[in-house]
Amino acid sequence: MSGDDGQTTESFVSFGEQGAQLTYGSYLRLPDLLDSQHLESDPPAHDELLFITIHQVYELWFKQLLHEVTAARDAMLAGAEGGRLWWAQHLLARVHVIERVLVQQVDVLETMTPQDFLEFRQRLAPASGFQSVQFRELEFLSGAKDPSYVRRFRGLTEAEEERLAERLEEPTLWDAFLAVLRSVGLPAGSDEEVSASMRTVAHDRDQHAAVWALAEALLQHDELAASWRARHVVMVERMIGSKSGTGGSSGSTYLRSRLPLQYYPLLWDLRSEL
Ligand code: HEM
Ligand SMILES: N[C@@H](CC(=O)c1ccccc1NC=O)C(=O)O
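Residues numbered from 1 in each chain as written. Chains lettered and ligands numbered in written order. Predicted model: local features only at pLDDT ≥ 70, side-chain atom pairs only at ≥ 80, totals over all residues. Heavy atoms only, no water.

Identification of the chain as Tryptophan 2,3-dioxygenase from Nocardioides mangrovi is taken from an unreviewed UniProt entry. Under the UniProt heading Sequence similarities (unreviewed entry), the entry covering the chain gives this text: "Belongs to the tryptophan 2,3-dioxygenase family." Turning to the chain, the UniProt annotation filed under Pathway (unreviewed entry) states: "Amino-acid degradation; L-tryptophan degradation via kynurenine pathway; L-kynurenine from L-tryptophan: step 1/2." (UniProt positions renumbered as here; feature names shortened; annotations may be inferred.)

Structure (structure tokens):
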């Protein structure tokens with residue numbers, strides 16, 4: 001801004017300010033966000049705020065991951081001729097960074113001792129992470145569709161039930177990858193065909209650089225999901241040992257049974273065939 005004396009003075013210049021005045025707090029809906037931590041314990045257990053905050057942060061990142069993985073899937077479904085494989089790859093690279101944050105975030109919750117967790121743990125039953133709809137949506141969208149998880153959910157709202165049913169219907173990231181293979185003329189009708197096509201891709205990276213890069217990005221996503229499961233179960237054993245879970249499962253025994261899950265077994269098998 002130029003004053004009468006010709007000197008430029010520091011001032012807050014408004015730009016693009018139209019209609020209602022946006023503020024930091026109103027844009028980010030902070031009144032709602034910061035009023036969403038309600039403790040169950042009474043008198044309040046000191047560590048329950050951390051427990052709630054961590055879970056809410058996870059759910060926000062799950063929402064972001066669903067947004068990114070869905071867009072990557074759609075870009076891949078259009079095949080190589082869609083011209084957006086670079087975009088899928090770009091988004092999957094972001095997905096990996098977020099997933100690393102999710103694994104590292106366990107460290108924060110692990111600063112809680114088992115004694116401090118037990119101050120409010122009994123108040124949580126029958127709630128449990130098992131009921132995280134977005135976590136299950138991510139598994140389904142990635143390729144691990146298992147309708148039995150929907151049947152085991154308790155207390156789903158109608159909207160949540162619909163979201164899960166839709167995820168069971170719609171194409172997965174793996175379906176989208178098969179569309180990419182077909183779009184470059186590689187057969188992907190059966191597992192054997194997919195494996196043979198992947199050997200072709202792996203042995204001719206000059207020709208198939210984009211497809212190979214996407215396969216590696218899927219494998220990275222799979223590996224990071226496995227890292228989260230492994231990190232979570234170790235934290236669980238540190239917190240509750242071999243006790244059963246508030247969600248009614250055997251606890252760490254159940255969680256360990258999920259460690260071998262692979263979203264893309266054919267991409268892992270390929271390693272033995274190269
Ligand atoms: C003190 C910390 C934690 C403990 C002791 C714990 C314990 C457990 C247990 C025992 C289960 C098995 C289900 C049950 O019977 O309850 C479970 C499942 C689960 N938890 Fe946690 N958890 C903790 C923190 C977290 C955090 C921070 C998240 C992040 C969202 C999370 C997400 C999940 C998910 C998604 C499942 C379902 C896993 C599956 O079905 O494969 N948990 N947890
Ligand atoms: N299932 C845990 C409790 C727990 O961690 C939890 C409880 C309510 C909402 C989310 C949770 N997080 C992960 O399971 C337990 O058995 O101690």
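Picking up after the structure, the text goes on.
A.B. asks: Whenever I open this one, the packing of helix H11 (residues 191-203) against helix H14 (residues 265-273) confuses me. Can you help?
C.D. replies: In a pair of packed helices, the angle between the axes and the distance between the axes together describe the arrangement. At their nearest, the axes of H11 and H14 sit 10 Å apart, and the two run at 55° to each other. Classified by the angle their axes make, H11 and H14 are oblique. Regarding H11 and H14, the two cross each other, and that crossing is right-handed. Between H11 and H14, the residues in contact are Asp191, Val194, Ser195, Met198 and Arg199 and Leu266, Leu267, Leu270 and Glu273, respectively. Class assignment for the residues of the contact of H11 with H14 results in 5 nonpolar, 1 polar and 3 charged. (Axes fitted to C-alpha atoms, helices over the stretch in contact; angles between N-to-C directions. Helix = DSSP H or I, 4+ residues; strand = E, 2+ residues; numbered from the N terminus. Parallel < 35°, antiparallel > 145°, perpendicular 65-115°, else oblique. Left-handed = near helix turned anticlockwise from the far one by under 90°. Contact = heavy atoms within 4.5 Å. Nonpolar A, V, L, I, M, F, W, Y, C, P; charged D, E, K, R; others polar.)

A.B. asks: Just to check I follow, could you spell out empty space enclosed by the protein for this structure?
C.D. replies: Rolled over the atoms, a probe with the dimensions of a water molecule shows which regions are left empty. Scanning all chains against the criterion turns up 1 cavity of 30 Å³ or more. As a volume, the largest cavity reaches approximately 190 Å³. What lines the largest cavity is a set of 14 residues, and nearest its centre among them are Glu99, Phe135, Leu138, Ala225 and Trp228. Secondary structure elements with two or more residues in the lining of the largest cavity: helix H3 (48-77), helix H4 (85-104), helix H7 (133-142) and helix H12 (209-240). Sorting elements by how many residues they give to the lining of the largest cavity places H12 first, with 5 residues. Within the lining of the largest cavity, the residues separate by chemical class into 10 nonpolar, 1 polar and 3 charged. (1 Å grid on protein atoms, 1.4 Å probe; cavity = no way out; pocket = protein on both sides within 12 Å on 5 of 7 lines; lining within 4 Å. Points joined across faces, edges and corners; volume = space filled by probe spheres on them.)

A.B. asks: Would you mind going over a nonpolar patch on the surface with me for this structure?
C.D. replies: A grouping of Leu22, Tyr24, Tyr27 and Leu28 is seen on the molecular surface, where their side chains present a nonpolar patch of about 520 Å² in accessible area. Take Tyr24: it is sitting in helix H1 (residues 24-27). (Patch = residues over 30% accessible without salt bridge, like charges linked within 9 Å, V, L, I, M, F, W, Y side chains within 5 Å. Areas by Shrake-Rupley, 256 points an atom, 1.4 Å probe, with all protein chains shown as cover. Salt bridge = Lys/Arg side-chain N within 4 Å of Asp/Glu carboxyl O.)

A.B. asks: Help me understand the pattern of salt bridges in this model?
C.D. replies: In a structure, side chains of opposite charge can pair up when their charged atoms sit close to one another. Using the criterion set out here, one finds 14 salt bridges in the structure. Linking Asp74 and Arg73 is a salt bridge whose minimum nitrogen-to-oxygen distance equals 2.8 Å. The exposure class of Asp74 is partly exposed, given its relative accessible area of 39%. Looking at Arg73, the relative accessible area reads 6%, which means it is buried. (Buried < 20%, exposed > 50% of the residue type's maximum accessible area, 1.4 Å probe, protein only.)

A.B. asks: Can you walk me through the nonpolar core in this structure?
C.D. replies: In a soluble, globular protein the nonpolar side chains are often hidden away together inside. Counting residues in each nonpolar core, the largest one holds 70 residues, and the members touching the most others are Met76, Trp174, Phe177, Leu181, Met198 and Leu267. When residues in this core are grouped by element, the largest group, 14 residues, is from H12. (Core = buried A, V, L, I, M, F, W, Y, C linked by side-chain atoms within 4.5 Å.)

A.B. asks: In this structure, what is going on with unusual backbone geometry? I would like to understand it.
C.D. replies: The general pattern is negative phi for most residues beyond glycine and trans for most peptide bonds. Across the junction of Asp42 and Pro43, the peptide omega takes the value 5°, indicating a cis bond. Among the secondary structure elements, Pro43 is positioned in the loop between helix H2 (30-33) and H3. Omega for the peptide link from Ala125 to Pro126 comes to 0°, which places this bond in the cis form. Its location among the elements puts Pro126 in the loop between helix H6 (114-121) and H7.

A.B. asks: Whenever I open this one, the coordination of the iron atom of ligand 1 confuses me. Can you help?
C.D. replies: For a metal with four tetrahedral donors the ideal donor-metal-donor angle is 109.5 degrees, while six octahedral donors give ideal angles of 90 or 180 degrees. One donor from the polypeptide reaches the iron atom of ligand 1: His232 (NE2), at 2.2 Å. Around the iron atom of ligand 1, the 6 donor atoms sit at angles spanning 79 to 179°, and that spread fits a shape best called octahedral. Tracing the chain through its elements places His232 in helix H12. (Donors = N, O, S within 2.8 Å, 3.2 Å for Na, K, Ca; no water. Tetrahedral: all angles 85-135°; square planar, octahedral: opposite > 155°, others 65-115°.)

A.B. asks: Would you mind showing me how to read H14 here?
C.D. replies: Note that an α-helix has 3.6 residues per turn; residues three or four places apart therefore point the same way. Inspection of H14 places Leu266, Leu267 and Leu270 among the buried residues, and these make up the whole buried set. Mapping the buried residues of H14 onto a view down its axis gives an arc of 100°, with all of them on the same face. Looking at the buried side of H14, the elements it contacts are helix H10 (173-183), H11 and H12. (Arc of directions from axis to C-beta.)

A.B. asks: Even after reading the chapter, I still don't get the packing of aromatic side chains, so can you show me in this structure?
C.D. replies: Within a pair of aromatic rings, the relevant descriptors are the distance that separates the centres and the angle that separates the planes. Taken as a whole and judged by the stated rule, the model has 14 aromatic pairs. Note on Phe117 and Phe120: the rings are 5.4 Å apart at their centroids and 80° apart in plane angle, and the pair reads as edge-to-face. With a gap of 3 residues between them, Phe117 and Phe120 both fall in helix H6, about one helical turn apart. Across the pair, Phe120 and Phe117 agree in class, each one buried. A centroid spacing of 5.8 Å and a plane angle of 70° characterise the contact between Phe130 and Tyr254, whose relative ring orientation is edge-to-face. Separated by 124 residues along the polypeptide, Phe130 in the loop between H6 and H7 and Tyr254 in helix H13 (residues 252-257) bring together distant segments of the chain. Accessibility expressed as a relative area gives 16% for Phe130, which makes it buried. (Phe/Tyr/Trp six-rings, centres within 6.5 Å; stacked < 30°, edge-to-face > 60°.)

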